[in-house]
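Residue-level listing of the chains:
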Amino acid sequence: VTHSIPACIGSMTINSKQLDNESPVSIFAVNKCYGTVQDGTLFDGSGFAALVREGYKVRSDVNISLEFRTTAAHGVLLGVSSAKVDAIGLEIIHSKVLFHVNNGAGRVTATYEPRGT
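Analysis parameters
- Residues numbered from 1 in each chain as written.
- Predicted model: local features only at pLDDT ≥ 70, side-chain atom pairs only at ≥ 80, totals over all residues.
- Heavy atoms only, no water.
- Helix = DSSP H or I, 4+ residues; strand = E, 2+ residues; numbered from the N terminus.
- Buried < 20%, exposed > 50% of the residue type's maximum accessible area, 1.4 Å probe, protein only.
- Lys, Arg positive; Asp, Glu negative; His and termini not counted.
- Salt bridge = Lys/Arg side-chain N within 4 Å of Asp/Glu carboxyl O.
- Polar contact = N/O pair within 3.5 Å; in protein donor to acceptor, adjacent residues only side chain to side chain.
- Core = buried A, V, L, I, M, F, W, Y, C linked by side-chain atoms within 4.5 Å.
- pLDDT = per-residue confidence, 0-100.
- Contact = heavy atoms within 4.5 Å.
- Pairing = 2+ DSSP bridges.
- Axes fitted to C-alpha atoms, helices over the stretch in contact; angles between N-to-C directions.

The protein chain is annotated in an unreviewed UniProt entry as LAMA1 protein of Pomatostomus ruficeps.

S.K.: How do you make sense of the side chain of Glu-91 when you look at a structure like this?
M.R.: Within the secondary structure, Glu-91 sits in strand E7 (residues 87-93). There is no salt bridge for the buried Glu-91, and the closest opposite charge comes from Arg-107, which lies 4.9 Å off by N-O distance. One polar contact links Glu-91 to His-100, side chain to side chain, over a distance of 2.6 Å.

S.K.: What am I meant to see in the nonpolar core here?
M.R.: The nonpolar side chains of soluble globular proteins are, as a tendency, buried together. Residues Ile-9, Met-12, Leu-77 and Leu-90 are the most contacted members of the largest nonpolar core, which totals 15 residues. Mapped by element, the contributors of at least two residues to this core are strand E1 (6-14), strand E6 (75-81) and E7. If one sorts the elements of this core by residue count, E1 sits on top with 4 residues.

S.K.: Got a minute to help me understand the confidence of the model for the protein chain in this structure?
M.R.: Should the pLDDT be low somewhere, the predicted coordinates at that spot are not to be read in detail. Considering every residue of the protein chain, the mean pLDDT works out to 76; 72% of them sit at 70 or more. Taken element by element, the protein chain is modelled with least confidence in strand E4 (residues 41-50), mean pLDDT 67, and with most confidence in strand E9 (residues 107-112), mean pLDDT 91.

S.K.: Where do I start with unusual backbone geometry in this structure?
M.R.: Negative phi characterises most residues that are not glycine, and trans characterises most peptide bonds. The backbone phi angle of His-94 is positive, close to 50°, even though this residue is not glycine. For His-94, the position within the fold is in the loop between E7 and strand E8 (96-102). On the basis of relative accessible area, His-94 is assigned to the exposed category, the value being 61%. With a phi angle near 65°, Ser-95 is a residue other than glycine that sits in the positive phi range. Among the secondary structure elements, Ser-95 is positioned in the loop between E7 and E8.

S.K.: I keep staring at the environment of Asn-102 and nothing clicks. Help me out?
M.R.: Tracing the chain through its elements places Asn-102 in strand E8. Assessed through its relative accessible area of 17%, Asn-102 is described here as buried. Not counting residues up to four positions away in its chain, the partners in contact with Asn-102 are Val-58, Val-85, Asp-86, Ala-87 and Arg-107. Here the side chain of Asn-102 touches Gly-104 through a polar contact of 2.7 Å, landing on its backbone nitrogen. A distance of 3.4 Å separates a polar atom in the side chain of Asn-102 from the backbone nitrogen of Gly-106.

S.K.: Hey, could you run me through the sheet that holds E7 in this one?
M.R.: Hydrogen bonds between backbone groups are what pair the strands of a sheet, and the pairing can be parallel or antiparallel. Taking strand neighbours across the sheet as the criterion, the 4 strands line up as E6-E7-E8-E9 in an open arrangement whose pairing is antiparallel. Edge positions in the open sheet fall to E6 and E9, since each of these has one partner strand only. For this sheet, the mean angle separating the axes of adjacent strands, direction not counted, is 15°. Taken together, the 6 bridges between E6 and E7 define a ladder with antiparallel strand orientation. Along E7, the bridge assignment pairs Val-80 with Ile-88.

So, in structure tokens, the structure goes:
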């Protein structure tokens, strides 16, 4: 991970599997979201949390769900990669949400621009 984002990230699932943000594989510079007011993990813009182990392989279908709140216009929300080329990423650039995937055939990107930006 080379970039982070100041954000509160809540419930996250990948392929219908709930990830346990209470017991990360590794973690750096993250806290609870707003103490007892909200569930989630607070990233200050310099930290990360590894929630899955090695061995990720990009297949034809992936379903990712997460909740986040940020005022940042740029930052990485999710990055998953293998030692080879397989990778997926979710980031915000100029207030647009971009999803990237590469299964070895080249990178493909889908973009979502929220209304009112």
